[in-house]
Amino acid sequence: MKNKILVIGSGAREQAIIRAFDRSPKEKEIYCLASNMNPGIAELCDEILIGNFNEPDFVVNYAKEIGANLAIIGPENPLANGVADALLDVGIKVVGPKKDLAQLETSKAFTRNLLKEYEIPGGPIYKIFNSMNGVADFLNELGENYVVKYDGLAGGKGVKVSGDHLHSHEKALAYCTELVNNDGEFVIEEKFIGEEFSLMSFCDGETLKHMPAVQDHKRAYEGDTGPNTGGMGTYSDANHSLPFLTKDDIAEAHEINIKTAKAVKDKFGEGYKGILYGGFMATASGVKLIEYNARFGDPEAMNVLSLLESDFIELCHGIADGTLKNMNVSFENKATVCKYAVPEGYPDNPVKGEPIDVSGVSNTDGLFYASVDIQNGKLVEAGSRTVAVVGVADTISKAESIAEKEVSSVSGPLFHRTDIGTDEVIQKRINHMKLIQ
Ligand code: AMP
Ligand code: GLY
């Protein structure tokens, strides 16, 4: 049967997904439900249609119209709205968990409780609140190191960390009061100290196949300063670990993903089929779980999918059919560095509608479009992370040089982080881990 694949989402992550499909020698048609006109996706797809892909009925109708037999869901919002459930109901295979299982991402309280109930290592001391009862006492118990998390999808804006966003218990109490006044549930937990990394696994409900570890950079400006963003850039190493991690750290992260997949299967009586993305922190007392996402990371997808050697169409069928166990999933032993060019003023006051020029990029296979649009035939910035470039080489240092040169060649009112993946920043991460041991 010819593969008729529906990709939901139209950012750089989804372009990386589509590129990986495109590399498969299998006979295929690729369709994309998009939120914006991504020219990189348009070029590779049979059709790109702009529409509300968060709406399950709309997605199902389109999937039926094109005769899709496989779908992959890029962003979290359609997962939270039950788009996977709706597609499965009409017999379409899906890479992406059902709504209940996507709670791993959509509810911080769900995930914390799951780890506790199934005695999965890596969880913090935490408590869940929906009123101010006991909040001050629990903050006192945690002292200086606490994190307040709104319990729901907030685009990364619902989390406030002591020392970073909250500089006193008074400020923390004020934020909690704000959440209570908005009828919000929230989690207060212990703050971990260490280095963050992303470890994503393909999961077919039973078996997990792990991807190379990646480190993202959430802060907007050089030296990890400025407001939080969706991620300004990422790197991965040729050995699929990271320079500041030990073999045990990687093994612990694998173990936490495996145990979590088993726990959700036990809880819901059916397995998690999709990408299980653990956001971890390596600390002095082992690997801790910061959060789960129920999808590929963005930019992490550009790092790992640029290295994927296995046939991605076959892999996605393996996830949906529960046959990953017999599959060999392999990644090239190369390092990658991904850098995003973002609009001036991003993330708080981004310029919009300004033309950009990517014609200076020499390797277009490493160029990924994100928040862009076409206006009067011109490529313009649409207000969020604009274009990403990926450098692939034998070392992080060489991959960084490539990515830096490429991202610098994109012209327009944009900026990027020059420090991501540099020897200096990598050394800083290694030193930080040594310091806290
Ligand atoms: P989340 O939305 O849960 O990923 O949180 C956003 C960011 O807040 C993470 O990337 C971390 O940098 C930080 N964070 C969240 N939870 C913790 C924690 N328990 N300890 C330290 N930092 C945290
Ligand atoms: N890179 C962070 C995320 O995808 O959530």
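Below you will find a few notes about this structure.

### Things to note about the site of ligand 2
Taken together, the neighbourhood of ligand 2 is formed by Asp216, Gly230, Tyr277, Asn293, Arg295, Gly297, Asp298, Pro299 and Glu300. A distance of 2.9 Å is found between an oxygen atom of ligand 2 and a side-chain nitrogen or oxygen belonging to Arg295. Here a nitrogen atom of ligand 2 and a side-chain polar atom of Glu300 are 2.7 Å apart. For ligand 2, whose unbound accessible area comes to 200 Å², protein coverage reaches 89%. Along the lines of polarity and charge, the residues of the shell around ligand 2 split into two nonpolar, three polar and four charged.

### Details of empty space enclosed by the protein
Scanning the entire structure with this criterion turns up two cavities of 30 Å³ or more. The volume enclosed by the largest cavity comes to roughly 70 Å³. Among the secondary structure elements, those contributing two or more residues to the lining of the largest cavity are helix H6 (103–106), helix H7 (108–117) and strand S17 (286–293). In the lining of the largest cavity, the residues fall into three nonpolar, one polar and six charged. Lining of the second largest cavity is provided by Ile72, Ile73, Val95, Gly96, Gly274, Ile275, Ala294, Arg295 and Phe296. Breaking the lining of the second largest cavity down by element, the ones donating at least two residues are strand S4 (70–73) and strand S16 (273–283). Split by residue class, the lining of the second largest cavity holds six nonpolar, two polar and one charged.

### Observations concerning the packing of helix H1 (residues 12–23) against helix H12 (residues 312–321)
How two helices pack is summed up by the angle between their axes together with the distance between the axes. Two elements in contact, H1 and H12, have axes separated by 7 Å at closest approach and are oriented at 110°. On the basis of the axis angle, H1 is roughly perpendicular to H12. Contact residues: Ile17, Ala20 and Phe21 in H1; Phe312, Ile313 and Cys316 in H12. Class assignment of the residues belonging to the contact of H1 with H12 gives a composition of six nonpolar, no polar and no charged.

### Considerations on the state of the cysteines
Each disulfide consists of one covalent bond between the sulfur atoms belonging to two cysteines. Counted under the stated rule, the structure contains zero disulfides. In this model Cys316 remains outside any disulfide bridge; the closest cysteine sulfur is found in Cys203, 13 Å from its own. This cysteine, Cys338, is not joined by any disulfide, and Cys32 carries the nearest cysteine sulfur, 18 Å off. A relative accessible area of 0% means that Cys338 is categorised as buried.

### What to know about the sheet that holds strand S5 (residues 93–95)
The five strands are arranged S3-S2-S1-S4-S5 in an open sheet whose pairing can be described as parallel. The open sheet has two edge strands with one neighbour each: strand S3 (47–50) and S5. Here the average twist between neighbouring strands, direction ignored, is 20°. Sheet contacts for helix H3 (residues 56–66): strand S1 (3–8), strand S2 (28–34) and S3; angle to S1, the most-contacted strand, approximately 155°. Relative to S5, H12 is tilted by about 105°, and along the sheet it contacts S1, S2, S4 and S5.

Cut-offs and rules
Residues numbered from 1 in each chain as written. Chains lettered and ligands numbered in written order. Predicted model: local features only at pLDDT ≥ 70, side-chain atom pairs only at ≥ 80, totals over all residues. Heavy atoms only, no water. Near = heavy atom within 4 Å. Polar contact = N/O pair within 3.5 Å; in protein donor to acceptor, adjacent residues only side chain to side chain. Areas by Shrake-Rupley, 256 points an atom, 1.4 Å probe, with all protein chains shown as cover. Nonpolar A, V, L, I, M, F, W, Y, C, P; charged D, E, K, R; others polar. 1 Å grid on protein atoms, 1.4 Å probe; cavity = no way out; pocket = protein on both sides within 12 Å on 5 of 7 lines; lining within 4 Å. Points joined across faces, edges and corners; volume = space filled by probe spheres on them. Helix = DSSP H or I, 4+ residues; strand = E, 2+ residues; numbered from the N terminus. Axes fitted to C-alpha atoms, helices over the stretch in contact; angles between N-to-C directions. Parallel < 35°, antiparallel > 145°, perpendicular 65-115°, else oblique. Contact = heavy atoms within 4.5 Å. Disulfide = S-S within 2.5 Å. Buried < 20%, exposed > 50% of the residue type's maximum accessible area, 1.4 Å probe, protein only. Pairing = 2+ DSSP bridges.

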